[in-house]
Amino acid sequence: MTFRSVAVVGHCRHHDYTRLQSRLWVLFPGHSVRWLTTVVLLFVTMSEVGEGVLSDSFTPGHHPHLYVPWIMALLATVLGSAFYNLVEKLNRPRLLLILGLYHILSGGFKLLRLSHLYSRGVSTGSLRFQLTWASVLLYGMLVAVEGYVLYKNRYLSTTPVEVPVPNDLQDEAMRFALPYASLPSWFSFSWMDWLLLLGYKQPLQAEQLGRLPEEISAEVALDRLTKVYKREKENADRTGKQLSLWGVYIRAFLLSREFGLSGFLMLMTQVFLLISPLLLKLIIIYVTMETDKQTEESIILQERYMVSPWEFLQNGFVLLVLLLVVSVLRTGAQATSMALSFKVGKMLECGMKAMIYNKCLRLPSWLLENDHISMGQVTNHMNEGCTVLNFLIFLFHFSWASLFQLIAGSILLYYQLGWNAVLAVGFLVILLPVDLLIMKKMHDVNTQKMAKTDVRLKWINESIQGIKLLKLYAWEYLFVGKVTKARKDEIKQLYRHAGWNILAIFCNNASPLVATLIAFGSYEYFNDQPLTSADAFTALALFYTLHGPFSEIPGLLGLFTAASVATNRLGPFLQSLEVEGVGEGLRYGAKAGQMNGNVTEDNSINESIRTNFSNMGQHEHTEDSSDTKFNSLRAQEDYNLADDVSVELRHGSFTWEPESQTANISGINLVVPKGKLTIVVGQVGSGKSSLLSAMLGEMRTLEGQVLWNKKYNTISYAAQRAWLLNASLRDNVTFGLPFDHVRYQQVISACCLQPDIDILPAGDLTEIGEKGINLSGGQKQRVSVARAMYAQTDIVLLDDPLSALDAHVGSHLFDQGIVGHLVKDCRTVVLVTHKLQYLEHAHLVVAMEKGRVIARGTLEEIRESSPDLHRGWMEAISECVRQIDEGLEPDAGPLFQNEDQKPDRWKHQGSGAAVVAEHLLQNRLSHHLSVSSLAASVEDVWVRRTDWPEGRAKKDEKKAVQDTQYGDKEKLSDGELGKLVETEERMEGDVKLTYYVIFAAACGLHLAILVLILQVCKTGVTLAMDFWLADWSSSNADFYYGRNHTNYTQGNESQPMDFPDATGYYITGYAWLSVGAIVLTAAAVAASILTGLRGARVMHDRMVHNIVRAPLRFFDTTPTGRILNRMAGDQGMLDNNLPGEMGLFLSASLKVVSAIIAVAVITPYFLIGLIPIIVFYYFMQKFYRATARELQRIESIKRSPVYSQLSESFGGLSTIRAYRAEERFMEEMMARINAAFTPAMYMMGVECWVAVRLVSHHFK
């Protein structure tokens, strides 16, 4: 030992000791086998110490040599373990030679001792002989492990094999060391020490957490799910069966090695849990026997006595040590099992979130426009759906572990109590059909509740999207009423679910009490002897063991039903139809990669993501052949377009309806020339925008084909409703491409954006907010066009970009941008517009009417073929020029719509923007259309005024105000000056008492007090039952041993009671106490859940009213996803988790208090030892809560960006797909999911850390 200590010190002097603080923790070959063998060796050595002490107690005199050597051996084994741990941290395998020599010498010593025992004729049945044999075998295994490491690493040779350091450990940003921690560190969670120390010293920040290892990421999870999903989909299609997501979950995650190890550790936890009551019984028997032996003579001692294994296990002190060891092993095994299960469950959650977002990027516009899939539904999928799957995996092992506990506990009860235990367990089994019925009802209610939640989230999202419109017309409470109505419907389902949940909790809390009453009441009838304290408390411990599974059944049933509902909802969503795509050859050529913003190939991109998008357009459902004709995927025919053709539509008929056979545009035959300007004109509703959507594959193809040039097919697209990112103006223009200053300035100048940039506080680095909320309609449209120009694509599709611009700005954009920039660069341009004065510049003019192409060709060709049409265009152009020359506002009405076609209301009330807005509002509301589309229509009418001539004065005034507001902008950096979206608010430190009071007030102070009173009464009655049972078993023991002193009180006199009368007396009292406990349990549970739901309802209503009353500035600086996170994620916690958790917290706290009172009454001296325990627990919880609290806050904040990107992407799917930016957006979503994944994993590690140290059974 001294030699090894000197070696360690010498090594630390010759090598930089700071390496001990490094993160290079390399695990040598045979690491797990070595540590498991060492743990068993420690236990054997402890047993040798105990055996020596007991043998010495039975032998006359004192013989320290019987146990002192084994104490030294125990210390040496501990030091050897620490030494090996140090060697692994240093990655110095040559130091293992010292450890190998020690094991050889120790094994040789044990062999000599075994030979000595043989020579003395010691019986092989003695404990000392058996422990020595075990030591020899264990040291032999350790020597074999050392030889294996020497063989693998050759660390004694001149060319040793270097143990490679994983890439994760070489990255300073990776601080989650669970996959690389040693077995003891893994079991004790000491790898979390640094985080708890850091969190105790200062509030944690997200940056301090770093990243997770590569194997624990959303990319890996999505890759697993995608591969299994595709394989299961192919099998289902081949066999004609329905695809089951449960099979995907199982094959992707539940069959993994980690999940299997978690199950094994959970099994060991249940074994240790059942051993504890048996050890308790042996301890009680030992105490009882020792009490009775105090008056007897001591046994005759031998000269040299060796205890047998049975005598060793009958000793109370040995049993206490075993009980402690079992408790530590049980807690460590359970904590490790839960951590592994949580990791697998969280991987499934993150993978499903990524899969849902991946699916969203491929959803066709016609599904979204017709509300077949809404933003609220997708938000609910990503929030509640994925979260419940996580918890299902997390608690999956509890389901079979509960069944194991029930079976094993029932068997032990039978051996403990006899046939009366069969009656008690039979009663519990009879209640199982009731639980199944409740599970079915909860499933039905949960399905309805999720549908109502979809509706509520949809209305909330729509209200947020159109909040500017609602405030302009003071219609906030119109949509508050919609949200409130949806919330009332959801609350009804929550109360129904709570009712069934209360019934389930009542049945499963009452059933163990009734079963205990049956077992104890019938004990004497079946066993012909009184109930002793050993039997009573052992049986009571077993009943408490059974109570655990029965109390968990309602939660597990609710979890399974919620997971079933979520899976049933996710299945149709993931198998819904997908966008058809934009033709062969476009997706992943070299230019397509550039369009994604990836100039060079990035091997870190998950291959499954590429495969997913490359398969875009393949329908998930098997439909009729007429429904599945679409673009290039309809048939794999070979086609070759001429080099001067960019895109061709052949006999195309397309529709926006998912199941309709009526085409919105039909009979389309069109050839778009390469490098030319094509202008599409027509009336409002004639199908111009639909034509572009059909080209992009956004519509459902009924007939025909859309063919693209295989060589020149990259696209940029400016939608009719400009879609912008919540980023700076520069980022919106570059859209993921590298910043080219010269090209960028050319585009800015061509789009006439420089004057607008000059008035922004930070120039083009100014955040322009979600959907460009701080820009006018014309500015947003010009940014969208600038993005299309900046992208170096072959084809540019512009959907009516000039409609939101005044004549001068529109003319400059057309001349300098479209003609002077795009056409000059020989890029193919397809322009949809109402501005007929630009037709003379077109190489091809396409006129549409009622969904058909009525004319096409150059302007001269159309003049010859359709003179009436040409004459109408010329008259419209002349009238527009006259209005501009006279300084009048151009007519905002539809292009070919005469005065007779206008609604009567418009004729009489004028054509002002307010009248147009009012008409649109009433018309859209009558058809129940979404408020977001409504807001876009009305906003277009209003924002156009800012680009009309009289709007110039308003712009100048706005510039003057901004110059005054930002007069000191030289004092601020561009990043600070241009920042619009505020950082999400986060508290630090303890949660203030004010917030608890606020929630209690929302629940109702009188109801909160009632819940507390009921919980106290329930705990008091339960404590009384324990005292009653103790008195009952004590009286039975007195009668059994002939010490009958049982009295009962009659009047003011205490009189002796015969034993049969005492039995009836105690059974009656226990029965009444049981009834009281059952009634109070039901009342407490019902009050807790219903009171919590009331608080959740009040908090939701307050939050909705506060949101609609917030100023517009709040919505400018707060992303929609952040609000949706509060309304979906946080509100879901209030609705589904907090009511039950509140009752559990009160119940657990009062149980601790009652246990202290019970022990203090029986053993007052316990209070002396309780003081340091309370102090230890106080500082431990303070140390733990400092980190856990901040991790919870970080996780909540990091969820918001996920919903923000989902909301943002949902509004621009056609633009994202046109630019082929799906991969880039998918990578960004992966990064955001991982950012929320990181604090969640640390949170589980922290909880397991404190659970192991408090040796607690109840933890989450």
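The structure this text deals with has already been given above.
First, a word on what this report is: a plain description of the structure on this page. In this text the structure is predicted, and so the values were computed from the model without any measurement.

Right, let's get into the pattern of salt bridges. All chains considered together, the criterion is met by 30 salt bridges. The partner of Arg-456 in a salt bridge is Glu-490, and the shortest N-O contact between them spans 2.5 Å. Residue Arg-456 is located in helix H18 (residues 432-465), and its partner Glu-490 is located in helix H20 (residues 476-521); the two are separated by 34 residues in the primary sequence. The same class applies to Arg-456 as to Glu-490, namely buried. When the shortest N-O distance is used, the salt bridge between Arg-487 and Glu-490 registers 3.0 Å. Of this pair, Arg-487 and Glu-490 are both found in helix H20, three residues apart, which corresponds to roughly one turn of the helix. Take Arg-487 and Glu-490: they sit in the same class, and that class is buried.

Once that is clear, we can look at the packing of helix H9 (residues 218-239) against helix H10 (residues 245-254). Two elements in contact, H9 and H10, have axes separated by 9 Å at closest approach and are oriented at 130°. Viewed along their axes, H9 and H10 adopt a mutual orientation that is oblique. Seen along the crossing, H9 lies across H10 with a hand that is right-handed. Facing Ala-221, Arg-224, Leu-225, Val-228, Tyr-229 and Glu-232 of H9, the residues of H10 in contact are Leu-245, Gly-247, Val-248, Arg-251, Ala-252 and Phe-253.

Considering the arrangement of structural elements, one finds Ser-126 in the loop between helix H4 (96-119) and helix H5 (127-153). A relative accessible area of 8% places Ser-126 in the buried class. Not counting chain neighbours up to four residues away, the residues in contact with Ser-126 comprise Met-306, Val-307 and Pro-309.

Here the focus is the sheet that holds strand S4 (residues 700-708). Spatially, the three strands line up as an open sheet ordered S2-S1-S4, and their pairing is antiparallel. The open sheet has two free edges, formed respectively by strand S2 (665-673) and S4, since each of these has just one partner strand. Each neighbouring strand pair of the sheet contributes to a mean axis angle of 5°, computed without reference to strand direction. In this sheet, S4 lies alongside strand S1 (residues 645-655) in antiparallel orientation, the contact comprising seven bridges. By the bridge assignment, Leu-649 is partnered in S4 with Val-706. Contacts from helix H25 (residues 688-695) reach S1, S2 and S4, with the element oriented near 70° to S2.

Okay, the pairing of strand S6 (residues 795-799) next. Along S6, five of the five residues are buried, which leaves the element largely enclosed by surrounding structure. A two-sided burial pattern is seen for S6, the buried positions comprising Ile-795, Leu-797 and Asp-799 on one face and Val-796 and Leu-798 on the other. Strand direction decides the pairing type here: strand S5 (residues 715-718) and S6, joined by four bridges, are parallel. By the bridge assignment for S6, Ala-718 is matched with Leu-798. With five bridges connecting them, S6 and strand S7 (residues 828-832) associate as parallel partners. Counterpart to Leu-797 in the pairing with S7 is Val-830. Read from S6 through helix H30 (residues 807-823) to S7, the crossover connection turns out right-handed.

This part covers the environment of Thr-453. Counting through the fold element by element, Thr-453 comes out in helix H18. Along the sequence, Thr-453 and Glu-490 sit 37 residues apart, while their C-alpha atoms lie 6.2 Å from each other. Dropping the residues within four chain positions of it, Thr-453 is found in contact with Asn-380, Glu-384 and Glu-490.

A separate point is unusual backbone geometry. Most of the time, phi is negative for any residue but glycine, and the peptide bond is trans. For Phe-189, which is not a glycine, the phi torsion comes out positive at approximately 60°. Mapped onto the secondary structure, Phe-189 falls in the loop between helix H7 (183-188) and helix H8 (193-201). The buried category is assigned to Phe-189, whose relative accessible area is 0%.

Scoring rules and cut-offs
Residues numbered from 1 in each chain as written. Predicted model: local features only at pLDDT ≥ 70, side-chain atom pairs only at ≥ 80, totals over all residues. Heavy atoms only, no water. Salt bridge = Lys/Arg side-chain N within 4 Å of Asp/Glu carboxyl O. Helix = DSSP H or I, 4+ residues; strand = E, 2+ residues; numbered from the N terminus. Buried < 20%, exposed > 50% of the residue type's maximum accessible area, 1.4 Å probe, protein only. Axes fitted to C-alpha atoms, helices over the stretch in contact; angles between N-to-C directions. Parallel < 35°, antiparallel > 145°, perpendicular 65-115°, else oblique. Left-handed = near helix turned anticlockwise from the far one by under 90°. Contact = heavy atoms within 4.5 Å. Pairing = 2+ DSSP bridges. Right-handed = clockwise from strand over helix to strand, strands pointing away.

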